Every structure is written in structure tokens, then in C-alpha cells.
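Listed below are the residues making up each chain.
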Amino acid sequence: MRSDDAAILAADRLSDEPVVGTVVEPDDDVGGFVFATRDEQAVSTGEFVAYSQCVVGSEDDEIILARVNNRERESGLPTSFMADPTVDADQIATTLGAEADGCELYRITASVIGYYDPEFESFRNPRQLPSSGTRLYRAPGEMLEVVIPKIKPPSHRDNDEPDPGMAQMGRLLNRTDERVSVELPVNEIAATHLAILASTGSGKSYTASVLLEEMLKPDTRASVLVFDPHGEYESLDQMCDHEAFQGADGYSPAVELRRSDQLSVKLADLTFDDFYSILEPTQRMSSVLNDALDDLQDEESFTASQLLKACHSNHPDGQANGLKWRINRHIVQSDFFDGYDRLDLDDLVNPGQVTVFQMGGLTRRDQQVMAAVLLRKLYASREAAVVGNPEDVRSEIKHPVFTLFEEAHRFAPDGDSQALPIIRQVNSEGRKFGLGTGLISQRPSKIDETVLSQCGTQITMNITNPNDQQAIRDSIENAGEAVLEELPGLTKGQAIISGDAVNTPVLSKIRNRHTDHKADSLSADQLWREAYDDAKGAPSTSKPARSDESGVFDGEEEI
Ligand SMILES: Nc1ncnc2c1ncn2[C@@H]1O[C@H](COP(=O)(O)OP(=O)(O)OP(=O)(O)O)[C@@H](O)[C@H]1O
């Protein structure tokens, strides 16, 4: 980010950029205009173009940004706009290099985004569409770097104000000849929640890992909990030794990996609803359970045998037998429930630490119960810390926490889940208490609608299923139809970033990871060959896997 952003925003800056076309006519329907160009490559969908215009209330001309939407090819002479009496035909011919014979033109629709107002820290509507003949330029890359992230621009920050923590996620997808960096304010993502949505294999966990890398850099030192049903995030521990993550003051991120056999939930932390879903009691059993839990409600911790005893003491006549059988079956015989806490928040959440819960061996219900218990504890602890109750022992978490849910449709489905009520609560109230969620899913249509619509920032990648596309349309208010139409065409690592962290949606290429990516699909042919060699005791005939472990695409260098 440059500090001389005032100069970057000056309208005369536009003349350094290539001319990409000329406005043919305003188009009220799209809140924009149609322009003509010969160079279709320079103006692919989602690209930013710009023109200068005098706007009411501003002394100088402003740079107005517009986004390229649809395009149509027009062969032959550009008769439709050459016939427009307000257009200077010579000027258009010069601009486009249009020669009389067989020149190919493209009619392109663009919607006006507005001019950037640093006071307002956002775009303003110029309230007037450009007139025919207005010359259009490619929007300057340096300007886009300043105006896309939703932050106070450097020129408007006090010297003693700390720089906002920025996550350098990648670059603008459409700019192939220059690197225009896409940075997102970490604060905004953590406070207003995030959704990363894409079909399987499109790069969701890769993108989430890039974000986690950025959050754990010395500039940010975030506190993050990852709920990871497939063990996709363990390679993050490479951050501990990687030079990109070492601070001048000796900082190095901590990465805690908790395997499912190291996870357990304290019985006293479960609510009646949790017990209800674990034991699935009949109506009669429910009232036995209720009485037993009433007896134990003042205990800070209790064991399964204390619970059994409480059931028996209230109902010695045998009425409790059915429930006791279920307690034995689902609680006593499970390693997952315990009288004592193995989810101590002090160990799990610390600044500069990411804790990854590898929940692979747990049933879906246990995954939900664990996520619910932890989120409830965090919520209560952050609420107590912010509302300011120093007497409350739970107020120990003094810093914001970001939680990330891989396979979010398991935890917050469009249906029943132990974790859904608390995820809903965190998404609607968590901002006040510095508790944020990131939801990752390949099935947005299977996520609870309220939860999804409360994710303020969205990173959306290739998605082909029509129901999922519709769920995304419904949850992303301002991305614009034309940009969303790009979704099926995006390839691995390409994303639309929209919502609270950006002033306008942006098509991006997510950067390469510093750490290895461990979530690649298994290479079946190699594994078969290896298994065959093992079985025969022969020296290996297998060739190395074709998948590129570094995750670097052909011809794509590190940004
Ligand atoms: N930005 C990127 N740069 C380079 N490679 C990428 C990028 N994003 C994804 N990839 C590659 O694409 C593949 C799939 O990525 P990833 O594992 O993140 O997909 P996913 O959407 O999480 O899949 P799943 O739903 O199966 O978990 C990986 O091989 C990864 O190396």
C-alpha cells in the first residue's frame, strides 16, 4: 500500500494508462454504458475501466471506475455508433484504430462503480453517466490497490495510528501484464465473518490456508481455531520454521495440532439439548434426564457415574433403566466425553497461535457437539471479557478469536445440528465480542441460510451446481450478475472476493502458499503400483505422482 495515494487518485493519472475504448451510449438499465473496443483482451469480464469526469461537489475531475460486464462481437464497420450524431467519428476511428475495411469491434457493457472518496472510505455515485465519445482507460493498478480493500487510505491515517493488518491474498485475475495486489483487511474478515465457497477441488482449503498464513504473519499474530474434519491443515506447522513468519522481535507462530483421540468434552459443559441429541431419550427418559441434570447443575464437573447415580436416586423404581442403558452405551463407552476438561481455552487460543482440531475419527454428531461446546465457551468468555466482569473466571480470553469451519455444511446445515444455534448466535452477535467465523463449503445450498447470509465477506470460486449457484446469488448482495456468471468458468485458485472486506467485488488469483498443501487428491495409480510392489516385495517401479505438491501452476510464479 502506497502512502502517496492522493497522487494515485488524481484524474490526470489516467493519461498514463492505455486507452481501451470509447463510450458509445449510456445504459440506464445497468447503471452504466456501452463502449466499443477492438482490443477484447484488454477488457475481459470483471476488468476495471476508468474515465475522468467532473462531479458535483468536487473541485477537480474524479476518476470514475466501471466494471466490464457483457460483451458482443460486431463485425464490419461500427455503424450503430458511427450513426450517432454526437459522436466524433474521427476521434473514434483514431481511438480504436478503426480502418474502413473489415475491422472487428466489440460492444461491451460496463456498470459504473463510482469515484473513490477517501473521507467516505468508499465509492460514491457520480450521479451522471458518461456521455458518448468519453474516452475510456484501463483503471490504474496502483489506484485499484488503494481503493479495493475496505480500509482507511494511508493519506487519511494519523501517524500514530497502527497500519491495519492486511492479508495479501493474491492479485487481480485480469491483469496479466502487471501484478495488482489484492489485500484484505484481516480485521474486517474476522469481525464480519467469512464464507469460502466452491466446488470440490477448486481451491477452498488452499485459499483458507493462504488466509491463515497471512493471519499468522508477524504483522497480525491472530488467534485462530480450525475445525478440520479431514486433516487438511496439518502442514501449517511449517510456518513455525519458515522465514516469512519470523518477527524481528523473536515472534514465531505456534501451531497446535489436536488429533481426535486427544479431544474430549467435559460432561458439565453439555446442555440439556446436547444430552438429548446424544441419548435420543423417549419422553419418559427425558424427564428422568432433566431431574438428574437439575441435581448436578451446581457441579463444575461431574462424571458419567455421577450422572448414572443421579438418575437412579431420583427414580429408584427402575424407571431410569432405559436411560441408564443409553448413558452406558453412548457416554460411558465413548472416549469423547469426560468428567474433566481437555478443552482448556487457555491452551487453545493465544495470539500468534493456530490450533487445528483434526476431527477425522469422530462421528458427525461428536464433531458438532465439540464445536458447539467450544464455541459456547469462547462466546461466554469473550462476552464476559468485553462486557467487563473481572470477577468472572471465564473472562480470561482477552483477545479476539477467529474460528474456521472446514466442511461447514456439517456444522451449520440447513437442518438439525448441535452446533447450529451457537454458530447462528456468533454470526449475529459475535462482532461485538471479537469472535468471528469462517465457513468453508462445497455445498452452499446445504448451509443454513441465515448463517450464510451473515458471512460479510465471501470468497467464491468455481461452482457449477445450479442450486449452489443460486444459494450464492441469494447470499451475496452486491457482486453483480455478470461477475457471478463467471463462477462456472473459474479455474483452480481463481476467486471472486466480495462483501465487507472490499469496496467492490474483485476477480482474483489467490497467491501460492508458503507452506505445502496437504489436501491434494491421492494419486490412485501411484498408490496401486506401490501397493503392488509392497505385496511382491519387489523394488519400487512407481513413478513420482503427477500432482504438483508445491501447488504452483505451470507458468505461475510466486507473487
Ligand atoms: N491458489 C492456488 N494456487 C496454486 N494451486 C492451487 C491454488 N488453489 C488450489 N490449488 C490446487 O488445487 C487443488 C485443489 O485445491 P484444494 O485442496 O484447496 O481444493 P478444495 O476446494 O479444498 O477441495 P475439497 O473440497 O476436495 O477439499 C490442489 O491440488 C491445490 O494444489
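Remember, it's a predicted structure, so these values are computed and weren't measured experimentally.

The rules behind each value
Residues numbered from 1 in each chain as written. Predicted model: local features only at pLDDT ≥ 70, side-chain atom pairs only at ≥ 80, totals over all residues. Helix = DSSP H or I, 4+ residues; strand = E, 2+ residues; numbered from the N terminus. Buried ≥ 20, exposed ≤ 12 C-beta atoms within 10 Å, placed from the backbone. Contact = placed C-beta atoms within 7 Å. Pairing = 2+ DSSP bridges. Axes fitted to C-alpha atoms, helices over the stretch in contact; angles between N-to-C directions. Arc of directions from axis to C-beta. Parallel < 35°, antiparallel > 145°, perpendicular 65-115°, else oblique. Left-handed = near helix turned anticlockwise from the far one by under 90°. Nonpolar A, V, L, I, M, F, W, Y, C, P; charged D, E, K, R; others polar. pLDDT = per-residue confidence, 0-100.

J.: I'm lost on the overall build of the chain in this one. Help?
T.: Along the backbone of the chain there are 18 helices and 20 strands. Expressed as a percentage of its 559 residues, the buried residues of the chain come to 44%. Within the chain, contacts between residues at least 6 apart in sequence are counted, and of these 75% link residues at least 24 apart.

J.: What should I look at first to understand the environment of Val401 in this one?
T.: Mapped onto the elements of the fold, Val401 is located in strand 16 (residues 401–405). A residue is classified by how many C-beta atoms lie within 10 Å of it, and Val401, with 27 of them, is buried. Here the alpha-carbon distance between Val401 and Val354, two residues 47 residues apart in the chain, equals 10.0 Å. The contact partners of Val401, leaving out residues within four places of it in the chain, are Ser223, Leu225, Val349, Leu378, Arg382, Gly434 and Leu435.

J.: Honestly, the sheet that holds strand 8 (residues 166–172) in this entry has me stumped. Any pointers?
T.: Strands belonging to one sheet form pairs held by backbone hydrogen bonds; the direction of such a pair is parallel or antiparallel. In spatial order, the strands read 9-8-20-19-18-10-17-16-11-15-12; together these 11 strands make up an open sheet with mixed pairing. Pairing within the sheet leaves two strands with one partner each, and these edge strands are strand 9 (181–185) and strand 12 (254–259). Averaged over neighbouring strand pairs, the angle between their axes works out to 25° when direction is ignored.

J.: What is the right way to read helix 10 (residues 321–332) from this model?
T.: Because an α-helix packs 3.6 residues into every turn, residues spaced three or four apart end up facing the same way. Within the sequence span of helix 10, burial applies to Leu323, Lys324, Ile327 and Ile331. Taken end-on, helix 10 shows its buried residues confined to a sector of 100°, consistent with a single buried face. More than 90 degrees from the buried face of helix 10, the exposed residues found are Trp325, Asn328 and Arg329. Buried positions along helix 10 lie against helix 7 (272–279), helix 8 (283–296), helix 9 (304–314) and strand 14 (337–338).

J.: Looking at this structure, I do not really get the pairing of strand 2 (residues 32–37). What am I missing?
T.: On a regular strand, one side chain projects to one face of the sheet and the next to the other, so that they alternate. Within strand 2, 6 of the 6 residues are buried, leaving the element largely enclosed by the surrounding structure. Relative to strand 2, strand 1 (residues 19–27) runs antiparallel, the two sharing 5 bridges. Following the sheet pairing, Val23 is matched in strand 2 by Phe35. Remark: 4 residues form the turn of the hairpin made by strand 1 and strand 2, two consecutive strands paired antiparallel; Gly31 in that turn has positive phi of roughly 60°.

J.: What exactly am I supposed to notice about the packing of helix 12 (residues 364–387) against helix 14 (residues 420–433) here?
T.: When two helices pack together, you describe them by how their axes are tilted relative to each other and by the distance separating the axes. In contact at an axis separation of 11 Å, helix 12 and helix 14 are set at 25° when each is read in the N-to-C sense. In terms of axis orientation, helix 12 runs roughly parallel to helix 14. When the axes of helix 12 and helix 14 are compared, the crossing they make is left-handed. On helix 14, the residues touching Ala372, Leu375, Arg376, Tyr379, Arg382, Glu383 and Val386 of helix 12 are Ile422, Ile423, Gln425, Val426, Lys432 and Phe433. Each residue belonging to the contact of helix 12 with helix 14 can be placed in one class, and the counts come to 8 nonpolar, 1 polar and 4 charged.

J.: How should the environment of Thr134 be read in this particular structure?
T.: Tracing the chain through its elements places Thr134 in the loop between strand 6 (122–124) and strand 7 (135–138). Residue classification places Thr134 among the partly exposed residues on the basis of 18 C-beta atoms within 10 Å. Considering only alpha carbons, one finds Thr134 and Gln454, 320 residues apart in sequence, at a separation of 40 Å. Those residues in contact with Thr134 that lie beyond four places of it in its chain are Thr22, Val23 and Tyr51.

J.: What should I look at first to understand unusual backbone geometry in this one?
T.: With a phi close to 55°, Glu121 is a non-glycine residue in the positive phi region. Residue position: Glu121 is located in the loop between strand 5 (105–117) and strand 6. Using a count of 14 C-beta atoms within 10 Å as the deciding quantity, one classes Glu121 as partly exposed. Not every positive phi belongs to a glycine, and Arg127 is a case in point at roughly 60°. By secondary structure assignment, the location of Arg127 is in the loop between strand 6 and strand 7. For Arg127, a count of 10 C-beta atoms within 10 Å corresponds to the exposed category.

J.: Mind showing me how you'd approach the packing of helix 9 against helix 10 here?
T.: In the contact formed by helix 9 and helix 10, the axes pass within 10 Å of each other and the chain directions differ by 170°. Judged on the interaxial angle alone, helix 10 and helix 9 are roughly antiparallel. Across the interface between the two elements, Ala304, Leu307, Leu308 and Cys311 from helix 9 touch Leu323, Lys324, Ile327, Ile331 and Val332 from helix 10. Each residue belonging to the contact of helix 9 with helix 10 can be placed in one class, and the counts come to 8 nonpolar, no polar and 1 charged.

J.: So what exactly am I meant to see when it comes to the environment of Leu129 here?
T.: Looking at where Leu129 falls in the secondary structure, it is placed in the loop between strand 6 and strand 7. Looking at Leu129, the number of C-beta atoms within 10 Å reads 19, which means it is partly exposed. Sequence separation between Leu129 and Ser111 is 18 residues, and the spatial gap between their C-alpha atoms is 9.6 Å. With residues up to four places along the chain from it excluded, the contact list for Leu129 reads Pro26, Gly32, Phe33 and Val112.

J.: Any chance you could explain helix 7 here in plain terms?
T.: Where helix 7 is concerned, the buried positions are Asp274, Phe275 and Ile278. On an axial view of helix 7, the arc spanned by its buried residues comes to 95°, and they lie on one face. Residues of helix 7 that are exposed and point over 90 degrees away from its buried face: Phe272 and Asp273. Backbone geometry just after helix 7 places Glu280 at a positive phi near 45°.

J.: I keep staring at the confidence of the model for the chain and nothing clicks. Help me out?
T.: Low-confidence regions, as indicated by low pLDDT, have predicted coordinates that should not be scrutinised in detail. Mean pLDDT over the chain: 84, with 86% of residues reaching 70 or higher. Of the two predicted TM-score estimates for the complex, the pTM is 0.85 and the ipTM is 0.98.

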